[in-house]
Amino acid sequence: MDLPAELSTYLEDWKTEHTVAFALLGSYARGDAGPHSDVDVVRFVDDDKHEDEAQTFLLGSRERVTRRHEYVSAMHNPQRWLVVRSTVTPSQVESWFSEPEQALNIIAGLRDGRALWDQNGQFAAIQYRAKEFKWTEALQKKADRLAGKELVGWIEEAHKGLEGLQRNDTGRLLNSRFGLSWGLAWVMRLHRGVFSTSDNTFFSDVIGAVGPETRWARLLHQAFGIATESDGEPYTLRKEVTAGLLLYCETFSLLKESLPLDYFLLIEATVQRIRSELEYNVRGSEGGP
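Rules behind the numbers
- Numbering of residues starts from 1 in every chain and runs along the sequence as written.
- The model is predicted, so local features are restricted to residues of pLDDT at least 70 and side-chain atom pairs to those at 80 or more, both for listing and for counting; the totals for chains, interfaces and linings are taken over all residues.
- Water and hydrogen atoms were dropped before computing side-chain values, which therefore reflect all heavy atoms in the structure.
- Secondary structure counts use DSSP, requiring at least four H or I residues in a row for a helix and at least two E residues in a row for a strand, with both numbered from the N terminus.
- Relative accessibility under 20% of the residue-type maximum defines a buried residue, over 50% an exposed one, and the middle range a partly exposed one, all with a 1.4 Å probe and only protein chains included.
- Should any heavy atoms of two residues lie within 4.5 Å, those residues are considered in contact.
- Accessibility throughout is a Shrake-Rupley quantity obtained with a 1.4 Å probe, and a residue counts as covered only by protein chains that appear here.
- Multiply 1.5 Å by the residue count of a helix minus one, and that product is the helix's expected span.
- Axis geometry follows a simple rule: fit a line to the C-alpha atoms, using only the stretch in contact for helices, then measure angles between N-to-C directions, giving values from 0 to 180 degrees.
- For any helix crossing, the convention is left-handed if the near helix is rotated counterclockwise from the far helix by under a right angle, and right-handed if that rotation is clockwise.
- Three residue categories are used. Nonpolar comprises Ala, Val, Leu, Ile, Met, Phe, Trp, Tyr, Cys and Pro, charged comprises Asp, Glu, Lys and Arg, and polar comprises the others, including Gly.
- As used here, the term nonpolar core means buried Ala, Val, Leu, Ile, Met, Phe, Trp, Tyr and Cys residues forming a set that is joined through side-chain atoms within 4.5 Å.
- For this analysis, a salt bridge means a side-chain nitrogen from Lys or Arg found within 4 Å of a carboxyl oxygen belonging to Asp or Glu.
- DSSP calls a pair of strands paired once it identifies at least 2 bridges connecting them.
- Should an angle fall under 35 degrees it is called roughly parallel, over 145 degrees roughly antiparallel, and 65 to 115 degrees roughly perpendicular, with every other angle called oblique.
- Each aromatic pair joins two rings of Phe, Tyr and Trp (for Trp, the six-membered one) with centres within 6.5 Å, and gets the label stacked for planes under 30 degrees apart, edge-to-face for over 60, and tilted for any other angle.
- Charge-over-ring placement is defined geometrically: NZ (Lys) or CZ (Arg) within 6 Å of the ring centre, and within 35 degrees of the ring normal.

## Examining the overall build of the protein chain
Of the regular secondary structure elements, the protein chain holds 13 helices and 5 strands. Taking all 289 residues of the protein chain together, 44% fall into the buried category. Considering only contacts within the protein chain whose residues lie at least 6 apart along the sequence, 66% involve residues at least 24 apart. Carbon and sulfur atoms provide 48% of the accessible area of the protein chain, an area that totals close to 15,800 Å².

## What about helix α8 (residues 155-167)?
A turn of α-helix holds 3.6 residues, and therefore any two residues three or four places apart point the same way. The terminal C-alpha atoms of α8, which comprises 13 residues, lie 18 Å apart, in line with the 18 Å expected from a rise of 1.5 Å per residue. Immediately downstream of α8, the backbone of Asn168 shows phi near 55°, a positive value.

## Re the packing of helix α9 (residues 170-192) against helix α11 (residues 215-224)
Taken N-terminus to C-terminus, the directions of α9 and α11 make an angle of 145°; their axes are 9 Å apart at the nearest point. Seen from above, α9 lies across α11 with left-handed handedness. Every residue of α11 that contacts α9 at Arg177, Leu180, Ser181, Trp182, Leu184, Ala185 and Met188 is listed here: Trp216, Leu220, Ala223 and Phe224. Its residues assigned to classes, the contact of α9 with α11 shows 9 nonpolar, 1 polar and 1 charged.

## Focus on the side chain of Arg85
Here Arg85 shows up in strand β4 (residues 81-88). If we ignore the near neighbours within four places in the chain, the residues touching Arg85 are Trp14, Val41, Arg43, Asp52, Glu53, Ala54, Gln55 and Phe57.

## As for the nonpolar core
One finds Trp216, Leu220, Leu245, Tyr248, Ile267 and Ile274 to be the most contacted residues of the largest nonpolar core, which totals 42 residues. At the level of elements, α7 (137-153), α8, α9, α10 (202-210), α11, α12 (237-255) and α13 (261-285) are the ones that each hand at least two residues to this core. The residues touching Trp216, leaving out its near neighbours within four places in the chain, are Leu184, Ala185, Met188, Val206, Ile207, Val210, Leu247, Glu250, Thr251 and Leu254. One finds Leu25, Phe44, Leu110 and Phe123 within the second-largest nonpolar core, a separate group that totals 18 residues.

## Looking at the pattern of salt bridges
Following the criterion strictly, the structure yields 12 salt bridges and no others. Among the ionic pairs, Glu99 bridges to Lys142, the shortest N-O distance being 3.2 Å. Of this pair, Glu99 sits in the loop between α4 (90-98) and α5 (100-112) while Lys142 sits in helix α7; the two residues are 43 residues apart in sequence, bridging distant segments of the chain. We classify Glu99 as partly exposed; its relative accessible area is 27%. Between Asp169 and Arg172 there is a salt bridge, with the nearest N and O atoms lying 2.5 Å from each other. For Asp169, a relative accessible area of 22% gives the class partly exposed. Judged by relative accessible area, Arg172 falls into the partly exposed class, the value being 27%.

## Description of the sheet that holds β4
Taken in spatial order, the 5 strands of this open sheet run β3-β4-β2-β1-β5, and their pairing is mixed. Pairing within the sheet leaves two strands with one partner each, and these edge strands are β3 (55-59) and β5 (114-117). For this sheet, the mean angle separating the axes of adjacent strands, direction not counted, is 30°. Two elements, β3 and β4, share 5 bridges in a ladder whose sense is antiparallel. The partner of Thr56 across the bridge, within β4, is Val84.

## Considering the packing of α9 against α10
At a minimum axis distance of 10 Å, the contact between α9 and α10 shows a crossing angle of 55°. Relative to α10, the element α9 lies oblique. Note on packing geometry: the crossing formed by α9 with α10 is left-handed. Judged by residue contacts, Trp182, Ala185, Met188, Arg189 and Arg192 of α9 engage Phe202, Val206, Ala209 and Val210 from α10. Considered class by class, the residues forming the contact of α9 with α10 number 7 nonpolar, no polar and 2 charged.

## Quick word on the packing of aromatic side chains
The final tally for this structure, using the stated rule, is 16 aromatic pairs. With centroids separated by 5.4 Å and ring planes inclined at 80°, the aromatic side chains of Trp182 and Phe224 adopt a geometry described as edge-to-face. Highlighted residues: Trp182 in helix α9 and Phe224 in helix α11, separated in sequence by 42 residues. The interplanar angle of 85° and the centroid separation of 5.6 Å between the aromatic rings of Phe203 and Phe224 together place this pair among those described as edge-to-face. Within this pair, whereas Phe203 is found in helix α10, its partner Phe224 is found in helix α11, the two being separated by 21 residues in sequence. Among the residues examined, Phe203 registers a relative accessible area of 18% and is labelled buried. Grouped by ring-pair contacts, the aromatic residues Trp154, Phe178, Trp182, Phe202, Phe203 and Phe224 constitute a single cluster. Over the ring of Trp14 we find Arg85, and its NZ or CZ is 5.1 Å from the ring centre. The ring of Phe195 carries Arg111 above its face, with NZ or CZ at 5.9 Å from the centroid.

Shown next, in the form of structure tokens:
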């Protein structure tokens, strides 16, 4: 996919005295963009005081889209591109290389990035660091502590899931499903140090790291609702949440040796509660005591 011809003009508009580089990341940088892909432009600045929120633009004409009907028309125009411009400060760059959650999401994308304007080689230097980056023992230790913190954070969702199953409460079940699928996938990415080239590949990346034939991988498929019953029927919401609860327990089993003690005790208590409640529910459904 070609970049919008007007992008270079907009880059000039977006330059300030503190801008040191523009880079293209994402699918357009990798060369696998499709007709609905957005264009990810990163503006690097030389001072932390000039941080700015990400902004979204529709390019394809120098005319600005200012009214709702113009926006709707623009989105249906195949010559329009959705451009997301983010601004990155020096401190943010350093966090990419020192904070595990940042590194896992950014480093691979940086390696594939393309400079759009890099007069003094600032982006080239950052990209070189990304290509030379190593996942160290210190980063792993920080990642495991963060994974434990995340598991503690999803305890509330586990409780919502148990309560939702007991009450057959759709709202509680929907609330719990996110943490017991997306949340637990992220926990495992942290624990295994799984880099992703794109947020679109996180699922296959983490499955590949853990192993597609493992119980953890099977439960993740079920928790996301992309598994089917033996008769080919899709999983119900209740079964997705049940799978997510079991996934929480399985995640703990795989991580427990690396969890800090303060997190371990909370998570272990939650796992015991999940197992007890699910076993009780099974006995009850079978007419047991």
